[in-house]
Amino acid sequence: MYGGLALGATGPAAGSAGQPADPAAILAAVYQALEERGYDPVRQLAGYLLSGDPAYITSHRGARALVARVERDELLAELVRSYVMGLRAREARREA
């Protein structure tokens, strides 16, 4: 279970029929699985996003199957969205 997300179960990242997969939840789960196996999650995810080669993602805890449920461009869009939101939050704290 990853932050309330059980891999292989229905839920925010499950991508079941009629319910889109949650890219943020999938990224968090895959990141944690990579960490658990001793990989550098940032480098592994970057390699996967650039190449599309699923070998960059461990199969530990079903992470490879999980990440395959979402298109790479959706994962990248989620990363950019989160990054920009972090920048805006940091700037807002500075202005306060």
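We now turn to the structure provided with this report. (Residues numbered from 1 in each chain as written. Predicted model: local features only at pLDDT ≥ 70, side-chain atom pairs only at ≥ 80, totals over all residues. Heavy atoms only, no water.)

**Notes on unusual backbone geometry**
Working note: non-glycine residues mostly have negative phi, and peptide bonds are mostly trans.
Reasoning step 1: The backbone of arginine 61 sits at a positive phi, close to 55°, despite the residue not being glycine.
Reasoning step 2: Mapped onto the elements, arginine 61 comes out in the loop between helix H2 (41-51) and helix H3 (63-67). (Helix = DSSP H or I, 4+ residues; strand = E, 2+ residues; numbered from the N terminus.)

**Quick notes on the side chain of glutamine 44**
Reasoning step 1: Here glutamine 44 lies in helix H2.
Reasoning step 2: Owing to a relative accessible area of 18%, glutamine 44 belongs among the buried residues under this scheme.
Reasoning step 3: Apart from residues no more than four positions distant in its own chain, glutamine 44 is found in contact with Leu34, Tyr39, Tyr56 and Ile57. (Buried < 20%, exposed > 50% of the residue type's maximum accessible area, 1.4 Å probe, protein only. Contact = heavy atoms within 4.5 Å.)

**As for the nonpolar core**
Reasoning step 1: In terms of nonpolar packing, the biggest core is built from 16 residues, with Ile26, Val30, Leu45, Tyr48, Ile57, Val67 and Leu75 touching the most fellow members.
Reasoning step 2: Residue assignment for this core shows that the elements contributing at least two residues are helix H1 (23-36), H2 and H3.
Reasoning step 3: Here the element with the most residues in this core is H1; it accounts for six residues. (Core = buried A, V, L, I, M, F, W, Y, C linked by side-chain atoms within 4.5 Å.)

**Brief notes about the side chain of glutamate 78**
Reasoning step 1: Checked against the element boundaries, glutamate 78 lands in helix H4 (residues 72-95).
Reasoning step 2: Residue class for glutamate 78 comes out buried when judged on its relative accessible area of 14%.
Reasoning step 3: If we skip the residues at most four places from it in the chain, glutamate 78 touches Pro23, Ala24 and Leu27.

**Focus on H2**
Reasoning step 1: Buried within H2 we find Pro41, Gln44, Leu45, Gly47, Tyr48 and Leu49.
Reasoning step 2: The N-terminus of H2 is capped by aspartate 40, whose side-chain oxygen sits 3.1 Å from the backbone nitrogen of valine 42.
Reasoning step 3: Immediately beyond the C-terminal end of H2, within one or two residues, lies glycine 52, with a positive phi of roughly 80°. (Polar contact = N/O pair within 3.5 Å; in protein donor to acceptor, adjacent residues only side chain to side chain.)

**Things to note about a nonpolar patch on the surface**
Reasoning step 1: On the surface, Leu76, Leu79, Val80, Tyr83, Val84 and Leu87 cluster together into a nonpolar patch covering about 510 Å² of accessible area.
Reasoning step 2: Within the element layout of this structure, leucine 76 appears in helix H4.
Reasoning step 3: Leucine 76 sits in the partly exposed class, given a relative accessible area of 46%. (Patch = residues over 30% accessible without salt bridge, like charges linked within 9 Å, V, L, I, M, F, W, Y side chains within 5 Å. Areas by Shrake-Rupley, 256 points an atom, 1.4 Å probe, with all protein chains shown as cover. Salt bridge = Lys/Arg side-chain N within 4 Å of Asp/Glu carboxyl O.)

**Concerning H1**
Reasoning step 1: With 14 residues, H1 extends 20 Å from end C-alpha to end C-alpha; this agrees with the ideal 20 Å at 1.5 Å per step.
Reasoning step 2: Within the sequence span of H1, burial applies to Pro23, Ala25, Ile26, Leu27, Ala29, Val30, Ala33 and Leu34.
Reasoning step 3: As for H1, its buried residues are in contact with H2, H3 and H4.
Reasoning step 4: Positive backbone phi, approximately 85°, marks glycine 38, located one or two places after H1. (Expected span 1.5 Å × (residues − 1).)

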